[in-house]
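# A look at the structure
Each chain, written out:
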Amino acid sequence: MDKLLSIFRPSTGSRELRRQPLFTGMSWLVLLFLYAPIAVLVVFSFNDNRSVVRWTEFSLRWYAAALENDDIRRSAMISIQVALSATVFSTIIATMAALATTRGGVYRGRSAAIALINQPLMIPEIVTAIATLAFFSILRQLTGVTGIGWLILAHTVFCVPFAYMPIRARLSDMSVTYEAAAADLYATPWQTFRHVTLPLLMPGVMAGAMLAFVVSLDDVIITLLVAGPGETTLPIYILGQIRRGVTPEVNAVSTILIGLTVTMVTLTFFLQRKRK
Amino acid sequence: MIDVKNVTKRFGEGQAAVTALGDVSLTIPEGSFFTLLGPSGCGKTTLLRLIAGFELPTEGEIALDGESIGHLAPNNRPVNTVFQNYALFPHMSVARNVGFGLEMLKRPKAEIDSTINEMLDLVQLGEFATRRVDQLSGGQQQRVALARALAPRPKVLLLDEPLSALDLKLRKGMQSELKRLQHETGITFVFVTHDQGEALAMSDQIAVMSAGAIRQVGTPEEIYTAPQSRFVADFIGDTNIVNATLLGFDGDAAKIKFGEGTPLTVHAASTSLSPGPVHVALRPETIHVVDERAETALLRGEVVDSTYFGAGSQMLVRLEDGVSVHVQVSTPRPVGSRVGLECDTSMLHVLED
Ligand SMILES: Nc1ncnc2c1ncn2[C@@H]1O[C@H](COP(=O)(O)OP(=O)(O)OP(=O)(O)O)[C@@H](O)[C@H]1O
Ligand SMILES: [Mg+2]
């Protein structure tokens, strides 16, 4: 009991906290529950057997099957189309928002603007999804426009705060002296942006874009409600398939998705570390 | 020629407002090496930023060669800056940094290239053209910053404490390098420093500032030998400041006396002072030590310290009213002895407070 309580004693400090057996144990438990299911999924995607619980032999047949499956290919294309478009739009918007909130001087309502941009992170996604569904139905009816544009629009909106965060972080770390120096050397505001601000901001923009891409690629709830007929993205397809039980094919597709996501997140991490 | 006319700069509003510059007027002659000298926080950087266009004056006007530029954006002023931390673009080579100004002005490529070469030769960095700026030493970065600011041939070059990040030896070298560059290019340099030695060594003219105001403008010699105010005398260095009584004026000359001594006629910084206690500046090298009882002694005191410095000695003499005075002599008197101090009255002058 004494040991247990001692971890709450401030005098022990963080170094001490790390050495507490309870702390170490908890950490391992968390990591286990976080990654064991993923490990199992990845392992069984290479299983030469229809079962997803009994291992027989290594094989790539489910990858082959997944790549030959027209539904999977179609939904993967849609996913990529939506994610790429949403990434481009949301990154542009996020860059402009970050410039306005870090370089526009102090103005009334700046904090409110930042809070508004980040709001989608706070609202439960299902609420946003239902609201978007209702709103878009009205707009669709009023304008008569249909198509994948609506899904891209919805994705763009919830990707903005994810793209915004790393871009803003990089901008506020960046000294304004570079921009002052450019202006001093006869660069117009646009030239300053193009030749100085943007190149220096690029690691932040890339990090933001990758986060946006991953978030869009992984989205289920909003897509489920907003997507029209024939606009099935990969996660939605997988969701539909597993209603009929988990198949090794789904495992294979999921592994590809995980691989993509992990690559992107790792790249983002290194881009952000390359600050200086 | 730069004309700063009644410029006031306030930061913030209402209660929290800070007046960085209060009604400053200044004329900077064309082609001169002009130094803004003053203690930290006196408004030197603010004045420079106003000339560069990074700040707009709250009140007043700035003109360059008769044309008002106070309201122009920085990119529309023929004025370039060497930033204190250099602010070289880290994603560009040395050459592209130097050519940046001309590139933004959309000059022909051939002209840009030849100017880059010329500028890099001028600062002796010819072989570094293709280097990245973070592969340069502090002193080299400094010179790239200079080359970059000089390349578009501005009418005015602003330098905000450009030497403060360099070590002493490099600093001395850069001081003469800057003088040479100013001489060779003929561009007006406005140089900011809080080091009076640097200011005296480099400038054609110095403006001494304190608390958002200009206290005195003059050549290094004028500032050194004839400081107008107690502040300038104190700031510029080793001048002695002693107490005296002002009796009145005789034309431009002031009549004063030390203690109960005989009245003397000396220079005065201003004829608007009222009779009573005043401060008088007395340079150490103009004082002669004589016998305490000598008729010619203006001041009397006791030697309290004496330091040998090679070419002579510096003695510290405590006067009867407790004020200490530095004196340079070739043969020092023993500590504890009483001496008289004599000096050329034409070298004395009364200070404003
Ligand atoms: N952007 C600003 N906002 C508020 N106050 C400022 C701002 N810039 C300068 N000041 C104030 O104006 C005054 C003058 O500042 P300035 O930077 O011009 O001094 P300085 O002479 O360059 O000093 P230093 O030698 O330390 O660089 C200071 O009191 C400073 O606090
Ligand atoms: Mg300063």
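Residues numbered from 1 in each chain as written. Chains lettered and ligands numbered in written order. Predicted model: local features only at pLDDT ≥ 70, side-chain atom pairs only at ≥ 80, totals over all residues. Heavy atoms only, no water.

Further remarks concern the overall build of chain A. Across its full length, chain A holds 13 helices and zero strands. Starting at the N terminus, the α and β elements of chain A follow one another as α-α-α-α-α-α-α-α-α-α-α-α-α. A compact globule built from 276 residues should have a C-alpha radius of gyration of about 19 Å, whereas chain A, at 23 Å, is more than 25% larger. Viewed in the frame of its principal axes, chain A has a C-alpha envelope of about 70 × 70 × 35 Å. Expressed as a percentage of its 276 residues, the buried residues of chain A come to 39%. Expressed as a percentage of contacts within chain A between residues at least 6 apart in sequence, the contacts between residues at least 24 apart total 70%. By element, 70% of the accessible surface of chain A is carried by carbon and sulfur atoms, the whole surface being about 15800 Å². Within chain A, the 15 negative side-chain charges are centred at a point lying 9 Å from the centre of the 23 positive side-chain charges. (Helix = DSSP H or I, 4+ residues; strand = E, 2+ residues; numbered from the N terminus. Rg over C-alpha atoms; globule rule 2.2 N^0.38 Å. Buried < 20%, exposed > 50% of the residue type's maximum accessible area, 1.4 Å probe, protein only. Contact = heavy atoms within 4.5 Å. Areas by Shrake-Rupley, 256 points an atom, 1.4 Å probe, with all protein chains shown as cover. Lys, Arg positive; Asp, Glu negative; His and termini not counted. Charge placed at Lys NZ, Arg CZ, Asp CG, Glu CD.)

So, about a nonpolar patch on the surface. All names here are of chain A. Together, Leu 121, Met 122, Ile 123, Ile 126, Val 127, Ile 130, Met 165 and Ile 221 give the surface a local cluster of nonpolar side chains, amounting to about 670 Å² of exposed area. Elements with a contribution of two residues or more to the nonpolar patch: helix H6 (110–122) and helix H7 (125–143). With three residues, H7 is the single largest residue contributor to the nonpolar patch. Inspection of the secondary structure puts Met 122 in helix H6. For Met 122, a relative accessible area of 59% gives the class exposed. (Patch = residues over 30% accessible without salt bridge, like charges linked within 9 Å, V, L, I, M, F, W, Y side chains within 5 Å. Salt bridge = Lys/Arg side-chain N within 4 Å of Asp/Glu carboxyl O.)

This brings us to the interface of chain A and chain B. Quite often, the size of an interface is put as the accessible area lost when its parts meet. Between chain A and chain B, the residue contacts involve 17 residues of the former and 27 residues of the latter. Between chain A and chain B, roughly 1800 Å² of surface is buried when both sides are summed, and carbon and sulfur atoms account for 67% of that area. Area buried by chain A at its contact with chain B is led by Asp184(A), Leu185(A) and Tyr186(A), which between them contribute 42% of it. Counting the contacts that link chain A with chain B gives zero salt bridges. Inspection of the region where chain A meets chain B yields five residue pairs in polar contact (both at pLDDT 80 or more). It is helix H9 (residues 177–184) of chain A that provides the largest number of residues to the side of chain A that touches chain B, a total of seven residues. Of the residues that constitute the side of chain A that touches chain B, the class distribution is twelve nonpolar, four polar and one charged. (Buried area = accessible area lost by both parts, 1.4 Å probe. Polar contact = N/O pair within 3.5 Å; in protein donor to acceptor, adjacent residues only side chain to side chain. Nonpolar A, V, L, I, M, F, W, Y, C, P; charged D, E, K, R; others polar.)

Residue and element names in this part refer to chain B. Read from one edge to the other, the open sheet built from five strands follows the order S15-S19-S16-S17-S18, with strand pairing classed as antiparallel. With one partner strand each, in any of the chains shown, strand S15 (287–290) and strand S18 (324–329) form the two edges of the open sheet. Neighbour-to-neighbour, the strand axes of the sheet open up by a mean angle of 45°, direction not taken into account. Of the strand pairs in this sheet, strand S16 (residues 299–308) and strand S19 (residues 338–343) are connected by four bridges, and their pairing is antiparallel. Bridge pairing links Arg 300 to Gly 340 in S19. (Pairing = 2+ DSSP bridges. Axes fitted to C-alpha atoms, helices over the stretch in contact; angles between N-to-C directions.)

For the rest of this paragraph, the subject is the pattern of salt bridges. Residues and elements named next belong to chain B. Under the criterion given, the structure shown has 20 salt bridges over all chains. In this structure, Glu 59 and Arg 10 form a salt bridge, with 3.1 Å as the shortest nitrogen-oxygen distance. Here Arg 10 lies in strand S1 (residues 2–11) and Glu 59 lies in strand S4 (residues 59–64), a separation of 49 residues in the sequence. Exposure remark for Arg 10: the relative accessible area of 35% places this residue in the partly exposed category.

Another point: the UniProt feature "domain: ABC transporter" (unreviewed entry) in chain B. Mapped onto this structure's residue numbering, the UniProt feature "domain: ABC transporter" (unreviewed entry) falls at residues 2–236 of chain B. The span residues 2–236 of chain B is 36% helix and 26% strand, and its two end C-alpha atoms sit 25 Å from each other. (UniProt positions renumbered as here; feature names shortened; annotations may be inferred.)

To continue, consider the domain arrangement of chain B. Domain boundaries assigned for chain B yield domain 1 (2–225) and domain 2 (240–350). Summarising the inter-unit geometry, the C-alpha centres of domain 1 of chain B and domain 2 of chain B are found 40 Å apart. (Domains from an automatic or database assignment.)

Residues and elements named next belong to chain B. Summarising the element assignment, Asn 97 is placed in helix H2 (residues 94–104). Relative accessible area serves as the criterion here: at 0%, Asn 97 is assigned to the buried category. Asn 97 sits 49 residues away from Leu 48 along the chain, and the two C-alpha atoms are 22 Å apart. Setting aside its immediate chain neighbours within four residues, Asn 97 contacts Leu 88, Phe 89, Met 92, Val 133, Val 144 and Arg 148. A distance of 3.4 Å separates the side chain of Asn 97 from the backbone oxygen of Met 92, its partner in a polar contact.

The subject of this paragraph is the UniProt feature "transmembrane region" (unreviewed entry) in chain A. All names here are of chain A. As annotated by UniProt and renumbered to match this structure, "transmembrane region" (unreviewed entry) occupies residues 21–46, 78–100, 121–139, 145–164, 200–227 and 252–271. Counting secondary structure, residues 200–227 comes out at 89% helix and 0% strand; the distance between its end C-alpha atoms is 37 Å. Along residues 252–271, the helical share is 100% and the strand share 0%, with 29 Å between the first and last C-alpha atoms.

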